[in-house]
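Survey of secondary and tertiary structure
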Amino acid sequence: MNMFTRNDKSFDTNAASTTPVRDKTETPVAPIAETKRTSPPAPPTYEIATPQTRVVSVISKALKITGQLESTEDIQVDGEVDGDVRGVSVKIGGNAKVKGTVYGDTVELAGTIDGKIEAKKVILTSTAHMSGDVVHQDIRIESGAYIDGHCRPEFGKAANKNAHAAAKPAAVVPTGSVRDKTGPVAEIGTRA
Amino acid sequence: MPALSRLALVPVPLGNDGTEFPASHLGKALTIKGSLETTGVVHIYGNVHGQITADRLVIGVGGYVEGDIVANDVRIGGRFTGRIYARHVTLDGSAEITGRIFHHTVTVAKGARIDGRMPWRPLNFFERLEHLREAQ
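No experiment lies behind these values; they were computed from the predicted model shown.

Cut-offs applied
Residues numbered from 1 in each chain as written. Chains lettered and ligands numbered in written order. Predicted model: local features only at pLDDT ≥ 70, side-chain atom pairs only at ≥ 80, totals over all residues. Heavy atoms only, no water. Helix = DSSP H or I, 4+ residues; strand = E, 2+ residues; numbered from the N terminus. Buried < 20%, exposed > 50% of the residue type's maximum accessible area, 1.4 Å probe, protein only. Contact = heavy atoms within 4.5 Å. Areas by Shrake-Rupley, 256 points an atom, 1.4 Å probe, with all protein chains shown as cover. pLDDT = per-residue confidence, 0-100. Phe/Tyr/Trp six-rings, centres within 6.5 Å; stacked < 30°, edge-to-face > 60°. Lys NZ or Arg CZ within 6 Å of the ring centre and 35° of its normal. Salt bridge = Lys/Arg side-chain N within 4 Å of Asp/Glu carboxyl O. Pairing = 2+ DSSP bridges. Core = buried A, V, L, I, M, F, W, Y, C linked by side-chain atoms within 4.5 Å.

**Brief notes about the overall build of chain B**
For chain B, the helix and strand inventory stands at two helices and nine strands. For chain B, the N- to C-terminal ordering of α and β elements is α-β-β-β-β-β-β-β-β-β-α. Put simply, chain B has 136 residues, and 53% of those count as buried. The contacts in chain B between residues at least 6 apart in sequence include a share of 13% that link residues at least 24 apart.

Printed below as a string of structure tokens:
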């Protein structure tokens, strides 16, 4: 008992005297290094916030997805997708490649799509490379965009009703993306 | 060995051209059916059904993944069903895991729920795994 109390005391005094000094001079790395010899399993870099706060999901350029993406929010694709993409506002970045159909309320293309676009509003920027049909209600094509396919203004019409049943509810809602008509386009344009 | 040292200290994985890859972020409304493959960082807050290959993977609180994960570093705060092959695994207190976790080092926070086994493997096991996934 005596030994324990003595130890505790000396430890306490030690701690009291040393901690302020340590706090000043050393970063919190030191205690970690003492307790763990190997690499820390959870570096603080985990909590990186996404660069764009407005865009909810980002498929960055190193990511390749084989399969289907479905979201009730916005999607930004900078990587590679082999499959269909469904979202509300879908942006396909300059180096992105999509092989499949892109459904959305608004689709902005600066990269490559090999497949189809079905969206209420379609924007093809100057770096866009579109191989396949575009089903739209409202389209904007910038000079320099490449299209190999038909542009059909049939979005939301009876013939397509079944094809994009999942995309429909979003299309009924008045476009939230109208408010940033200029914003995202300029963003993609400057990047290209 | 080079793989390990890279894992230990480099904060963000680098591409072939030496530039930093921004992390991929899969929001909570996003559902993916299929496989994900990246040399960078993936944060998942939505649902993924399929195989994931990444350098570093984070399943955030509210995220759900069903399938196999091959990565250097995995951190889970959400739900997961399947197998994990990772050198370092961190399970937060909110994690719910069903399946197997093949690891070299593992950290489990108080509150985490694990149903399954957590077999330890030497580092070279994971190196072989990397070759395997590249061959696919």
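Next comes the rest of the account.
**A short note on the overall build of chain A**
A tally of regular secondary structure across chain A gives four helices and twelve strands. Long-range pairs, those at least 24 residues apart, make up 18% of the contacts in chain A between residues at least 6 apart in sequence. Of the roughly 10600 Å² that chain A leaves accessible, carbon and sulfur atoms contribute 55%.

**Thoughts on the confidence of the model for chain A**
Residue and element names in this part refer to chain A. Averaged over all residues, the pLDDT of chain A equals 72, while 53% of them reach at least 70. Within the model, the stretch residues 8-53 combines pLDDT values under 50 with 29 contacts to residues more than four positions away or in other chains. Note on residues 166-192: pLDDT is under 50 here. Beyond four places in sequence and across chains, it has 38 contacts.

**Considering the packing of aromatic side chains**
Residues and elements named next belong to chain B. In this structure the tally under the stated criterion is four aromatic pairs over all chains. Plain terms: the ring middles of Phe125 and Phe126 are 5.2 Å apart, the flat faces sit at 85° to each other, and that makes the pair edge-to-face. Classification of Phe126 as buried rests on a relative accessible area of 3%. The structure contains a cluster of three or more aromatic residues connected by ring pairs, namely Tyr85, Phe102, Phe125 and Phe126. Between Arg79 and the ring centre of Tyr64, over which it is positioned, the NZ or CZ distance is 4.3 Å. When the ring centre of Phe125 is taken as reference, the NZ or CZ atom of Arg121 above it lies at 5.5 Å.

**Let's talk about the pattern of salt bridges**
Residue and element names in this part refer to chain A. In the structure shown here, the tally under the stated rule is six salt bridges over all chains. A salt bridge links Lys116 to Glu118; the shortest N-O distance between them is 3.1 Å. By relative accessible area, Lys116 is classed as partly exposed at 25%. Assessed through its relative accessible area of 1%, Glu118 is described here as buried.

**Comments concerning the pairing of strand β2 (residues 63-71) of chain A**
A regular strand places its side chains so that they alternate between the two faces of the sheet. Where β2 of chain A and strand β2 (residues 30-38) of chain B come together, nine bridges link them in antiparallel fashion. The residue of β2 of chain B that forms the bridge with Leu69 of chain A is Ile32 of chain B. Sheet topology places β2 of chain A next to strand β4 (residues 80-82) of chain A; three bridges connect them, and they run parallel. Considered in β4 of chain A, the bridge of Lys64 of chain A is made with Glu80 of chain A. Pairing between β2 of chain A and strand β5 (residues 85-86) of chain A: two bridges, direction parallel. Each bridged residue has a counterpart across the sheet, and for Glu70 of chain A the counterpart in β5 of chain A is Arg86 of chain A.

**Concerning the nonpolar core**
Counting 47 residues, the largest nonpolar core has Ile117 of chain A together with Ile69 of chain B as its most contacted members. Leaving out residues up to four positions away in the same chain, Ile117 of chain A has contacts with Val102, Val107, Leu109, Val122, Leu124, Met130, Asp133, Val134 and Val135 of chain A.

**Thoughts on the environment of Val107 of chain A**
By secondary structure assignment, the location of Val107 of chain A is in strand β7 (residues 97-109). Separated by 15 residues in sequence, Val107 of chain A and Val122 of chain A have C-alpha atoms that sit 5.0 Å apart.

**Details of the environment of Glu70 of chain A**
Inspection of the secondary structure assignment puts Glu70 of chain A in strand β2. In this view, Glu70 of chain A contacts Arg86 of chain A together with Ala29, Leu30 and Thr31 of chain B; residues no more than four positions away in its chain are not counted.

**A look at the environment of Ile75 of chain A**
Inspection of the secondary structure puts Ile75 of chain A in strand β3 (residues 75-77). Note: C-alpha distance between Ile75 of chain A and Ile92 of chain A (17 residues apart in sequence) is 8.5 Å.

**Remarks on the pairing of strand β7 (residues 79-91) of chain B**
Residue and element names in this part refer to chain B. Counting buried residues in β7 gives ten out of 13 residues, a clear majority hidden from the surface. Pairing geometry for strand β6 (residues 64-76) and β7, over twelve bridges, is parallel. Residue pairing for β7: Val65 is matched across the bridge by Phe80. The pairing of β7 with strand β8 (residues 96-108) spans twelve bridges and is classified as parallel. Its bridge partner being in β8, Ala86 is matched across the sheet by His103.

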